[in-house]
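Per-entry structural report
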Amino acid sequence: MEVELQILQLPVDYREVKQRVTRIWEDLQPQLVVHVGMDPAAKAIFLEQCGKNWGYGDADIRGFHPECGVCLPDGPEVIASGVSMRAVSRRAVVEGVEVAFSRDAGRYVCDYTYYLSLHHGNGCAALVHVPPLSPSLPASLLGKALQVIIQEMLEETEKTRSQRLVHRKLSLCDSRQGEPTGGLLL
């Protein structure tokens, strides 16, 4: 699998994030965007399954917070990633690093960014919360862990894409033969 990796740094700024995430999806048209945010309280790496649309009451570095604490006024309450973070967290094994699954990314700029990315990318995004660097988690070990996690996410994404393709082909075949479709779960 050939991968083109682009690394962009986003500021802890709701307004700037909204503009940049939109541009990422419009200009780059990626297959998957993986956001990495630092959680000072984390003791493990957390793979976040979903982003939330509301609850953004804490101000960013510029003292701003979204009107009414909402990301997208007409957006759904929750958007889940198309990547099974539970499956990835089980398979991503790096000695000395705990990788865990989470359904609550908090309500700050990381979750806001993730929700926007899930919205623009139709679920083809991920958020990884990492603890601060420390003697037990040096940059080299965190880098290795992120490499393993992202590789697992790409494999999970490819598996999901292949299953959808098989499902579409089977549905097409059934409809061409005049047989009823439905009831097929992959």
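So, here's what we can say about the structure. (Residues numbered from 1 in each chain as written. Predicted model: local features only at pLDDT ≥ 70, side-chain atom pairs only at ≥ 80, totals over all residues. Heavy atoms only, no water.)

1. Quick notes on the overall build of the protein
- Helix and strand counts for the protein come out as 4 helices and 6 strands.
- Starting at the N terminus, the α and β elements of the protein follow one another as α-β-β-β-β-α-β-α-β-α.
- Taking all 186 residues of the protein together, 39% fall into the buried category.
- Restricting to contacts in the protein with at least 6 residues of sequence separation, those with at least 24 account for 78%. (Helix = DSSP H or I, 4+ residues; strand = E, 2+ residues; numbered from the N terminus. Buried < 20%, exposed > 50% of the residue type's maximum accessible area, 1.4 Å probe, protein only. Contact = heavy atoms within 4.5 Å.)

2. What to know about unusual backbone geometry
- Within the chain, Cys68 stands out as a residue other than glycine whose phi angle is a positive 60°.
- Within the secondary structure, Cys68 sits in the loop between β3 (50–52) and β4 (78–80).

3. Quick notes on helix α3 (residues 109–120)
- Over its 12 residues, α3 runs 16 Å from end to end, which matches the ideal 16 Å to within 8%, given 1.5 Å per residue.
- Of all 12 residues in α3, 9 are buried, a share of seventy percent or more.
- Among the residues of α3, those classed as buried are Val109, Asp111, Tyr112, Thr113, Tyr114, Tyr115, Leu116, Ser117 and Leu118.
- Two residues or fewer past α3, Asn122 is found with a positive phi of approximately 50°. (Expected span 1.5 Å × (residues − 1).)

4. Thoughts on the environment of Gly123
- Counting through the fold element by element, Gly123 comes out in the loop between α3 and β6 (125–130).
- Placed 41 residues apart in sequence, Gly123 and Gly82 show a C-alpha to C-alpha distance of 5.0 Å.
- Filtering out sequence-adjacent residues up to four positions away, Gly123 remains in contact with Ala80, Ser81, Gly82, Val83 and Leu118.

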